Amino acid sequence: MDNNTLVIIGGDAAGMSAASKVRREQPDRKIIVFEKSDYTSYSACGIPYFISGTVKTADELIRRSPQEFRSKYKIDVRTMHLVLQVDTDNKQIKVLDKNNNIEFWQPYDQLLIATGGKPYCPEHIAGYDAVNVFGVSTLKSGINIENYIEEHTPQKAVIIGGGYIGLEMAEALLIRGLHVTLVNRQEQVMNTLDTDMGAIISEAMRKLGVNLLLKEELKGFTIVNNKATAVITDKQSIETDMVIFGMGSSPNTAFLEGSKIELGIKKAIKVNGEMKTNIPNVWAAGDCTETLNLVSKQQIYVALGTIANKTGLVAGSSIAGVSANFPGAAGTAVCKICSYEVARTGLQEKELKRLNIEYITTVIESKTRANYYPGAKDITVKLLAEKNSGRLLGGQIIGEEGAAKRIDVLAVAVTHNLTLQNIIDLDLSYAPPFSPVWDPVQTAARSLIKKV
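Residues numbered from 1 in each chain as written. Predicted model: local features only at pLDDT ≥ 70, side-chain atom pairs only at ≥ 80, totals over all residues. Heavy atoms only, no water.

This paragraph deals with the environment of R70. For R70, the position within the fold is in helix α3 (residues 66-73). Along the chain, R70 and I32 lie 38 residues apart, while their C-alpha atoms are 9.8 Å from each other. Beyond its immediate stretch of four places on either side in the chain, R70 contacts I75 and V77. Within the structure, R70 has its side chain in polar contact with the backbone oxygen of V77 (distance 2.5 Å). (Helix = DSSP H or I, 4+ residues; strand = E, 2+ residues; numbered from the N terminus. Contact = heavy atoms within 4.5 Å. Polar contact = N/O pair within 3.5 Å; in protein donor to acceptor, adjacent residues only side chain to side chain.)

What follows is the structure in structure tokens.
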């Protein structure tokens, strides 16, 4: 097997995690990686912090360069190579060398697809590709935004979408001194939170100076000389100097049409626990794949760096013949906008209703430290539990410094089917600089257990 050619499509988190694992297990294996951009193994999650200036240079977001992979790890990384087609019958892929505008077929013995996600942009709306309209998904896109701000000094920005990227980009642009308008078609921002918790974030954003427009939908742009000068919604026209799409992402799998590789939810690639597809010798990992939700036991699509790295490692292990399994995820995620921290795990109320699961819920307010200790900040915790058993089904947290990472306790509880009583019984740490004597997640559990 060591002499077989492994071809990997995509050179970021999942692809390079897999390549590195295979190289460790099989030092002489031929590994070729095709990456459509100039960069490999970078932190896409760090892009908003590069744009804000918190991270000073784009190079700081790069874990390993293509040159390092080639020279140190003997991984044949070929940047600026876009894969156009996968032919599983003949075990080959069609590749475009973007620098030389040459197409060629590359045979493989084993194939890993790690093409990630792409920012959702409404391509049916004219102007989505204007020079000042940006998605945020690749390091190149982040560099393009930074260069545009430096060269054109925009004063006003409109962000379309109120998810993680929308909030993080709002923070970045506020820090850069822009007037920020955020348009969101939902009732509140953060659709991965319940509406009552999303309302807290919406109000916080207004306090920060964001012009927040809720229940409003993008309809088009006013375009002048290939620049968007205004965003047109179903309610108004908003003047702008630049536009950021924060409408979520979708799997980058359009090139797989005709490949016989099975796709599932949102056209993400179906895989098993070893990250194998339905086609022999073809694996997939990262933001282009489905993920099993550990609570609902249903397949979901979620684009998170944690899952990309884990699934890449599992895929690399499986390709190298090492036993490994990715069990799924609880959908745990955190984000920050200025001083406010947001976190969630497990299921939301709308998901529990759709699954016909009887549940109970509570929302409590507490402090991140002992009330008397300087710097204690507000924290709001929402828990959802199964009505009869008290098993934790989901949790959401909003607060200031020290709030968000408490979600990890709830993520462990959700993953291992712990009950509210189990959470209350946990021997969590306590000292006044770090928490009240009853941590807020346990206070919430004590409140909700009364309804079991």
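An order of β9-β16-β10-β11-β12 is seen for the 5 strands of this open sheet, with the pairing classed as parallel. On the outer flanks of this sheet lie β9 (133-134) and β12 (211-214), each paired with one strand and no other. Where β9 lies against strand β16 (residues 242-245), 2 bridges are found, and the strand directions are parallel. Residue pairing for β16: V133 is matched across the bridge by V243. The strands touched by helix α5 (residues 164-175) within the sheet are β10 (156-160), β11 (179-184) and β16, with β10 carrying the most contacts at an inclination of about 170°. (Pairing = 2+ DSSP bridges. Axes fitted to C-alpha atoms, helices over the stretch in contact; angles between N-to-C directions.)

The next point concerns the packing of aromatic side chains. This structure, assessed with the given rule, holds 4 aromatic pairs. Note on F134 and Y148: the rings are 5.6 Å apart at their centroids and 65° apart in plane angle, and the pair reads as edge-to-face. Pair noted here: F134 is in strand β9 and Y148 is in helix α4 (residues 139-152), with a separation of 14 residues, a long-range link. Across the pair, exposure class does not vary: F134 and Y148 are buried alike. With a centroid separation of 6.4 Å and an interplanar angle of 70°, the aromatic rings of F221 and F245 are classed as edge-to-face. Within this pair, whereas F221 is found in strand β13 (residues 218-224), its partner F245 is found in strand β16, the two being separated by 24 residues in sequence. (Phe/Tyr/Trp six-rings, centres within 6.5 Å; stacked < 30°, edge-to-face > 60°. Buried < 20%, exposed > 50% of the residue type's maximum accessible area, 1.4 Å probe, protein only.)

Our next topic: the sheet that holds strand β7 (residues 110-113). Strand order in the open sheet formed by 5 strands is β3-β2-β1-β7-β18, with parallel pairing between adjacent strands. With one partner strand each, in any of the chains shown, β3 (76-79) and β18 (282-284) form the two edges of the open sheet. Mean inter-strand twist for the sheet, computed between neighbouring axes without regard to direction, equals 15°. Pairing analysis gives 4 bridges linking strand β1 (residues 5-9) to β7, with the strands arranged parallel. In the strand pairing of β7, V7 is matched with L111. Running at roughly 170° to strand β2 (residues 30-35), helix α1 (residues 13-25) makes contact with β1, β2, β3 and β7 of the sheet.

Take the side chain of D194 next. Looking at where D194 falls in the secondary structure, it is placed in the loop between β11 and α6 (195-208). The exposure class assigned to D194 is buried, which follows from its relative accessible area of 5%. At a separation of 3.0 Å, a polar atom in the side chain of D194 contacts the side chain of K382. Setting aside chain neighbours within four positions, we find D194 in contact with Q348, E349, K350, K382, L384 and Q396.

Let's shift gears to unusual backbone geometry. Located in the positive-phi region is K267, a residue other than glycine, with phi close to 65°. Inspection of the secondary structure assignment puts K267 in the loop between β17 (249-251) and β18. Here C338, not a glycine, exhibits a phi torsion of approximately 55°, which is positive. Within the secondary structure layout, C338 lies in the loop between β21 (333-337) and β22 (340-346). Judged by its relative accessible area of 24%, C338 falls in the partly exposed class.

What follows deals with the environment of A413. In this structure, A413 sits in helix α9 (residues 407-415). In this structure A413 comes out as buried when scored by relative accessible area, which is 1%. Measuring from C-alpha to C-alpha, the distance between A413 and V322 comes to 29 Å, with 91 residues separating the pair along the chain. Residues contacting A413, with those up to four places away along its chain left out, are L392, L418 and I423.

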